[in-house]
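# Structural features, examined
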Amino acid sequence: MPRYFFNIYHNRTQLDLEGEELPDMHAAWKEATVTAGQMIQGMDGRLRPGTEWRLEVTDEFANPLYVIHVHAERPT
C-alpha cells in the first residue's frame with residue numbers, strides 16, 4: 001500500500017516524517033480534508049488575519065499531490 005505524507009506550514013514547518021499507508025490518492029485527499037478541518041478547529045481562534053495555514057500532501061517520493069491553503073485576511 002502506498003504511503004502519503006501530510007506536511008503542515010503555519011508559523012513553523014511540521015514535516016510528517018512517518019506518513020500514513022492509504023489505499024490510493026483519493027483516500028489521501030479524504031484524510032487531508034478531515035485532518036485540515038480538525039487542525040483548523042483545534043487552533044481555537046488563533047489563526048489571525050494576515051497569516052496563512054497550509055497542508056501539503058506528498059507521496060512516498062516527495063511528489064506534491066494536493067495542497068489545502070487557508071489564508072486569513074481582513075477586507076480592505
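First, a word on what this report is: a plain description of the structure on this page. (Residues numbered from 1 in each chain as written. Predicted model: local features only at pLDDT ≥ 70, side-chain atom pairs only at ≥ 80, totals over all residues. Heavy atoms only, no water.)

## Notes on the side chain of His10
- Among the secondary structure elements, His10 is positioned in strand S1 (residues 3-10).
- A polar atom in the side chain of His10 sits 2.8 Å from the backbone oxygen of Glu52.
- If sequence neighbours within four positions are ignored, His10 has contacts with Met43, Leu47, Thr51, Glu52 and Trp53. (Helix = DSSP H or I, 4+ residues; strand = E, 2+ residues; numbered from the N terminus. Polar contact = N/O pair within 3.5 Å; in protein donor to acceptor, adjacent residues only side chain to side chain. Contact = heavy atoms within 4.5 Å.)

## Description of helix H1 (residues 25-42)
- Compared with the 26 Å implied by 1.5 Å per residue over 18 residues, the 25 Å span of H1 between its first and last C-alpha is a close match.
- Taken together, the buried positions of H1 are occupied by Ala28, Ala32, Thr35 and Ala36. Along the axis of H1, the buried positions cluster into a sector of 110°, meaning they face one direction only. Summarising the geometry of H1, the exposed residues directed more than 90 degrees from the buried face are His26, Lys30, Gln38 and Gln41.
- Lining the buried residues of H1 we find S1, strand S4 (52-58) and strand S5 (64-71).
- Looking one or two residues beyond H1, the residue adopting positive phi is Asp44, at roughly 50°. (Expected span 1.5 Å × (residues − 1). Buried < 20%, exposed > 50% of the residue type's maximum accessible area, 1.4 Å probe, protein only. Arc of directions from axis to C-beta.)

## Let's talk about the pairing of S4
- Across the 7 residues that make up S4, a large majority, 5, are buried.
- Direction of pairing for S4 relative to S5: antiparallel, over a ladder of 7 bridges. Residue Glu52 lies in a different strand from S5, and its bridge partner there is His71.
- Taking the residues that link successive antiparallel strands as the turn, the S4-S5 hairpin has 5 residues, and the phi of Ala62 there is positive, at about 70°. (Pairing = 2+ DSSP bridges.)

## Thoughts on the environment of Ala32
- Relative to the helices and strands, Ala32 resides in helix H1.
- Between the C-alpha atoms of Ala32 and Leu47, which are 15 residues apart in sequence, the distance is 19 Å.
- Setting aside chain neighbours within four positions, we find Ala32 in contact with Phe6, Leu55, Val57 and Ile68.

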